[in-house]
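Below, each chain spelled out in residue letters.
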Amino acid sequence: MPFTFKQFHVDDSHCGMPVSTDGVLLGAWAPLTQAKTILDIGAGSGLLSLMAAQRSEACIRALEIDPMAARDCQHNIDQSPWRNRISLTQADLLEWYPLAQAQDQAQFDHILCNPPYFDNGPQAQCDKRAQARHTDSLAFADLLTAIKHLLTPQGQASLILPAASLDRFLSLLPQCELALQARVDITTTPTKAPQRHLLCLSHGAPSTEVKTESLSIRTASGEYSEAMVALTQAFYLKL
């Protein structure tokens with residue numbers, strides 16, 4: 001369903017995963033302001049690339065495996081104010097990045113990814129949605145290995161994951177020589193357990209001093225919380 005933000009419009013008609021609160025949270029939270037080059041892995045409709053363009057002066061590469069989603073993504077880029085700073089590549093990450101590295105075209109200050117996260121349970125009936133949601137299309141270990149090779153030495157990567165996938169994902173960081181820098185535990189209301197986690201990674205060994213915060217999307221009465229408004233008001237029309 002098409003979705004209009006304050007400075008851009010997103011048509012996600014052919015994407016496996018539509019515009020979601022997860023994507024908006026990630027795009028609004030990631031520390032992008034100092035980045036000169038950004039990679040959006042699994043760009044889908046281009047939401048994260050467009051949010052990154054609004055929040056930074058970076059040159060952005062959107063990478064999307066599905067040709068139909070890539071068509072939506074290119075359309076959304078073309079209709080945006082930042083079409084000259086966002087380039088789209090329709091390719092499989094695991095096939096693309098070794099070739100790009102060989103040509104010295106694959107070093108990024110920041111990497112954004114709202115990754116596939118289910119490795120068990122029923123596959124979605126829609127193949128595109130299954131590809132977007134299940135790790136058999138992009139396993140965590142493969143994703144983290146790619147991030148390791150694609151980040152500049154001082155680079156960072158920002159991702160969002162459901163609570164059920166967090167421990168498994170974090171357990172893979174040491175073998176990929178990546179470290180957790182910051183984490184935000186997302187709850188729907190203050191009394192609920194966290195359902196999502198925003199993560200910021202960098203090169204290096206595990207740290208015992210990870211900056212950890214929490215954010216509730218809504219108050220007990222159902223309104224957006226002050227923290228949610230502060231984070232997303234540059235994007236949502238009604239905030």
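The structure under discussion appears in the preceding block.
Nothing here was measured: the structure is a model prediction, and the numbers come from that model. Residue numbering note: each chain is counted from 1, following its sequence as written. Where local features are concerned, this predicted model is filtered to residues with pLDDT of at least 70; where side-chain atom pairs are given and counted, the filter is 80 or more; whole-chain, interface and lining totals use all residues. Computation of side-chain values covers all heavy atoms of the structure but excludes hydrogens and water.

**Quick notes on the overall build of the protein chain**
Then step 1. Helix numbers and strand numbers start at the N terminus; a helix is a DSSP run of H or I with at least 4 residues, a strand a run of E with at least 2. When its secondary structure is counted, the protein chain shows eight helices and ten strands.
Then step 2. Values of the radius of gyration come from C-alpha atoms, whereas the globule rule sets the reference at 2.2 Å times the count of residues to the power 0.38. Computed over its C-alpha atoms, the radius of gyration of the protein chain comes to 17 Å, within 12% of the 18 Å expected for a compact globule of 239 residues.
Then step 3. When its C-alpha atoms are laid out on the principal axes, the protein chain stretches across 55 × 45 × 40 Å.
Then step 4. We call a residue buried when its accessible area falls under 20% of the maximum for its residue type, exposed when it is over 50%, and partly exposed in between, using a 1.4 Å probe and counting protein chains only. Going through the 239 residues of the protein chain one by one, you find that 49% of them count as buried.
Then step 5. The contact criterion used throughout is that any non-hydrogen atoms of two residues lie within 4.5 Å. Within the protein chain, residue pairs in contact and separated by at least 24 positions form 70% of the contacts whose partners lie at least 6 positions apart.
Then step 6. Measuring between centres, the 18 positive side-chain charges of the protein chain sit 6 Å from its 24 negative side-chain charges. The charge count treats Lys and Arg as positive and Asp and Glu as negative. His and the chain ends do not count. By convention, the point assigned to a charge is CZ for Arg, NZ for Lys, CD for Glu and CG for Asp.

**Section: the sheet that holds strand S6 (residues 108-113)**
Then step 1. Here the rule is simple: two strands pair whenever DSSP picks up at least two bridges between them. Here we have eight strands laid out as an open sheet, ordered S5-S4-S3-S6-S7-S9-S8-S10, and mixed in their pairing. The sheet terminates laterally at strand S5 (86-90) and strand S10 (211-216), the two strands that pair on one side only. The mean inter-strand angle of the sheet, taken between neighbouring strand axes irrespective of direction, is 20 degrees.
Then step 2. In terms of strand pairing, strand S3 (residues 37-41) meets S6 through four bridges, oriented parallel. Pairing of Leu-39 across the sheet is with Ile-111, part of S6.
Then step 3. The strands that helix H3 (residues 67-78) touches are strand S4 (59-64) and S5; relative to S5, the one it contacts most, it runs at about 170 degrees. Only the stretch in contact is used when fitting a helix axis, every axis being a line fitted to C-alpha atoms; angles between N-to-C directions are given from 0 to 180 degrees.

**Quick notes on the pairing of S4**
Then step 1. Where S3 lies against S4, five bridges are found, and the strand directions are parallel. Bridge assignment links Thr-37 to a residue of S4, and that residue is Cys-59.
Then step 2. The handedness of the S3 to S4 crossover, carried by helix H2 (residues 47-55), is right-handed.
Then step 3. Both S4 and S5 contribute to a ladder of five bridges, which runs parallel. For Glu-64, the partnering residue across the bridge sits in S5 and is Gln-90.
Then step 4. This β-α-β element, S4 to H3 to S5, shows right-handed connectivity. For crossovers, right-handed means that the path from the first strand over the helix to the second runs clockwise, given strands pointing away from the viewer.

**As for the nonpolar core**
Then step 1. Nonpolar cores were defined as sets of buried Ala, Val, Leu, Ile, Met, Phe, Trp, Tyr and Cys residues, with membership established by side-chain atoms within 4.5 Å. In terms of nonpolar packing, the biggest core is built from 39 residues, with Phe-5, Phe-8, Ile-38 and Leu-47 touching the most fellow members.
Then step 2. Elements that contribute at least two residues to this core include exactly helix H1 (21-29), H2, S4, H3, strand S8 (178-187) and strand S9 (196-203).
Then step 3. Broken down by element, the residue count for this core peaks at six residues, all from H2.
Then step 4. The residues touching Ile-38, leaving out its near neighbours within four places in the chain, are Leu-32, Ala-52, Ser-56, Ala-58, Cys-59, Ile-60, Arg-61, Phe-108, His-110 and Leu-112.
Then step 5. One finds Leu-63, Leu-151, Ala-157 and Leu-199 within the second-largest nonpolar core, a separate group that totals 32 residues.

**Section: unusual backbone geometry**
Then step 1. Residue Glu-177 is not a glycine yet carries a positive backbone phi of 55 degrees.
Then step 2. Checked against the element boundaries, Glu-177 lands in the loop between helix H7 (163-171) and S8.

**A look at the pairing of S6**
Then step 1. Of all six residues in S6, five are buried; the element is thus mostly enclosed.
Then step 2. Bridge analysis of S6 against strand S7 (residues 151-162) gives five bridges, and the strand direction is parallel. Bridge pairing in S7 links Ile-111 to Ala-157.

**Notes on H2**
Then step 1. When you tally the buried positions in H2, you get eight out of nine residues, the bulk of the element.
Then step 2. Within H2, the full set of buried residues consists of Leu-47, Leu-48, Ser-49, Leu-50, Met-51, Ala-52, Ala-53 and Gln-54.

**Here's the deal with the pattern of salt bridges**
Then step 1. Each salt bridge in this description consists of a side-chain nitrogen of Lys or Arg and a carboxyl oxygen of Asp or Glu lying within 4 Å of one another. Summed over the entire model, instances satisfying the criterion amount to four salt bridges.
Then step 2. For Arg-183, the salt bridge goes to Asp-185, with nearest N and O atoms at 2.7 Å.
Then step 3. Of the residues examined, Arg-183 reaches a relative accessible area of 22% and is grouped as partly exposed.
Then step 4. Look at Asp-185 and you get buried, because its relative accessible area is 13%.
Then step 5. Residue Lys-211 pairs with Glu-213 through a salt bridge whose shortest N-O separation is 3.8 Å.
Then step 6. On the basis of relative accessible area, Lys-211 is assigned to the exposed category, the value being 53%.

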